[in-house]
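Report on the structure
Letter by letter, the chains look like this.
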Amino acid sequence: MAHDDGAIREAMWQRPEARRDARLEWWRAARFGMFIHWGLYAIPAGQWKGQTIPGIGEWIMHRARIPVAEYEKLAEQFNPTQFDPAAWVSLAKRAGQKYLVITAKHHDGFCMFDTELTSYNIVDATPFGRDPMKELAAECARQGVRLCFYYSQTQDWHHPNGDGNDWDYDEATKDFDGYIEEYVKPQVRELLTNYGPIGLIWFDTPKRLSVAQSRSLLDLVHTLQPACLVNGRLGNALGDYAEAGDNRIPDGVVDVDWETPATINDTWGFRSDDHNWKSVPELIHKLVDITSKGGNYLLNVGPTAEGVIPQPSVERLVAMGEWLQVNGESIYGTCPGPIQGLAPYRSTAKDDRVYLHVLDWPRDGRIAVPLPADSISRAYVLADPSQASLSVQATSEGLTVAAPATPPDAIDSVVVLVRSGDA
Ligand code: FHN
């Protein structure tokens, strides 16, 4: 009997797991994304009334308990004339980042997009008067990067009924449900209606959100854009994939879809005094470590109030992109490889290839791997344009690849092990 492929696909699509798998397809292959924390907090940049306010930059309103009436005046100064959406998106591309997640609304409640729900937004309340999300949406579409929105669904220190501000408002009398129904949901609707296809909605700090509230937000997103992903910080164990803690990398392979959001220095939102930049080798090793355990790396930049991505971030992202230009095959679309928990290696795999990441190249170039020698038909260095075969010898512990003594890459050299057809 002939199969009706269309009907089968339709039936598959009815299954929640199949719908989730379909939504996750691009994200699983992507492995590396750009996170952007950008908002009014970039103006004080860690300083308030001559005092250094410790902690992450975007939390300054909370840490310094700045009254709403004072904090909202920052909007009058916000004029990021150097904002260049084409440059931001092309930096993500150059870095090898396949998706871009930007703060549409962070906990301070200021809306970085045009919204009918409040005039406390970048179009109505600032001299800038433009909608950067619209401009980024156009650039992402033009350059082929997935646009995604961060949206703080629970904490909103500006809204009288949002969570978190107990210095202007009384937490006990807040109508949190009203805030979700009459403010959060309509804004999520705007974000999913006015900016074209959105890759994912990145919710954060669910805190007091009930199961019913998380569930109805999830349903709203999937109803408006069935292909749009929702991250795990929607709360109540709902969402399409799990979020690791900030800057946290699990010890081993995690058998769910997961992501590590991470800072490139020590803050998310720009701080003028944070110069603690992670080095390029450290960043590449983190990308490789996360990928080898089945996760995605969402690496943050914090643009200035003028709209500039700090130069140290740019340099690091460009260097990561250069490494990925040569070694991207060992990252994109891969799953965890067969060698786990064995220093100095990480491994990823795709089709008939195992990608052995050698983070510390042996002085004699002899790479010992605990895999049966007959399971591998050929080995070569990914960065070697000639792809010359290396000799593979069987040992009592597995196999040894005889590679050049000089590391092909100073940060991470990838040795490709081609599996034998019958292994
Ligand atoms: O409170 C936020 C923080 O400001 C930042 O946005 C990070 C990014 O993962 N999420 C929350 C803390 O986990």
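A closer look at the layout of surface pockets
Of the pockets and cavities examined, the largest pocket occupies roughly 300 Å³. If you trace the largest pocket, you find 15 residues lining it, with Pro16, Arg19, Arg23, Leu218 and His222 closest to the centre. Taken together, the elements giving at least two residues each to the lining of the largest pocket come down to helix 2 (16-30) and helix 9 (211-224). In terms of residue class, the lining of the largest pocket is built from 6 nonpolar, 2 polar and 7 charged.

Let's talk about the packing of helix 5 (residues 85-95) against helix 7 (residues 132-143)
Between helix 5 and helix 7, whose axes approach to 9 Å, the crossing angle comes to 45°. Overall, the two elements helix 5 and helix 7 adopt an arrangement that is oblique. Here the hand of the crossing between helix 5 and helix 7 comes out right-handed. Residues Pro85, Ala86, Trp88, Val89, Ser90 and Lys93 of helix 5 touch helix 7, and the partners they reach there are Glu135, Leu136, Glu139, Cys140, Arg142 and Gln143. Counted by class, the contact of helix 5 with helix 7 contains 6 nonpolar, 2 polar and 4 charged residues.

A short note on the domain arrangement of the protein
Per the domain assignment, the segments making up the protein are domain 1 (8-330) and domain 2 (337-419). Once you take the C-alpha centre of each, domain 1 and domain 2 turn out to be 37 Å apart. Between domain 1 and domain 2, the buried area comes to about 1300 Å², and carbon and sulfur atoms account for 59% of it. Per-residue buried area on domain 1 facing domain 2 is highest for His285, Glu329 and Ser330; these three make up 40% of the total on that side. In this assembly, domain 1 and domain 2 are joined by 1 salt bridge. For Arg346, the salt bridge is made with Asp289, and the minimal N-O distance between the two is 2.8 Å. Mapped by element, the contributors of at least two residues to the side of domain 1 that touches domain 2 are helix 10 (280-292) and helix 11 (311-327). The element that contributes the greatest number of residues to the side of domain 1 that touches domain 2 is helix 10, accounting for 8 residues. Residue composition of the side of domain 1 that touches domain 2, grouped by class: 7 nonpolar, 5 polar and 3 charged.

Quick word on the sheet that holds strand 16 (residues 391-395)
Taken in spatial order, the 3 strands line up as 14-17-16 in an open sheet, and their pairing is antiparallel. Because the sheet does not close on itself, it has two edges, and the strands there are strand 14 (366-369) and strand 16. Each strand of the sheet is rotated relative to its neighbour by a mean of 25°, with strand direction disregarded.

Rules used throughout
- Residue positions are given per chain, counting from 1 as you read along its sequence in written order.
- Where local features are concerned, this predicted model is filtered to residues with pLDDT of at least 70; where side-chain atom pairs are given and counted, the filter is 80 or more; whole-chain, interface and lining totals use all residues.
- Side-chain numbers here rest on the full set of heavy atoms in the structure, without hydrogens or water.
- A 1.4 Å probe that fits into a set of points on a 1 Å grid over the protein atoms alone but cannot get out defines a cavity; an open set with protein on both sides within 12 Å along at least five of seven lines defines a pocket, and lining residues are those with an atom within 4 Å of a point.
- Grid points are joined across faces, edges and corners, and a volume is the space filled by probe spheres set on the points.
- Helical segments are the DSSP runs of H or I of at least four residues, strand segments are the runs of E of at least two, and each set is numbered from the N terminus.
- Following the grouping adopted for this structure description, the nonpolar residues are Ala, Val, Leu, Ile, Met, Phe, Trp, Tyr, Cys and Pro, the charged ones are Asp, Glu, Lys and Arg, and the polar ones are all others, Gly among them.
- The axes used here are C-alpha line fits, helices contributing only the stretch in contact, and every angle between their N-to-C directions lies in the interval 0 to 180 degrees.
- Relative orientations are named as follows: roughly parallel for angles under 35 degrees, roughly antiparallel for angles over 145 degrees, roughly perpendicular for angles from 65 to 115 degrees, and oblique for any other angle.
- The hand of a helix crossing depends on one turn: near helix anticlockwise from the far one by less than a right angle means left-handed, and clockwise means right-handed.
- We call two residues in contact whenever any of their non-hydrogen atoms come within 4.5 Å of each other.
- For the domain bounds, the source is a domain assignment made automatically or taken from a database.
- Buried area: the accessible area, evaluated with a 1.4 Å probe, that two parts lose upon being put together, summed over both parts.
- By definition here, a salt bridge exists when the distance from a side-chain nitrogen of Lys or Arg to a carboxyl oxygen of Asp or Glu is within 4 Å.
- Here the rule is simple: two strands pair whenever DSSP picks up at least two bridges between them.

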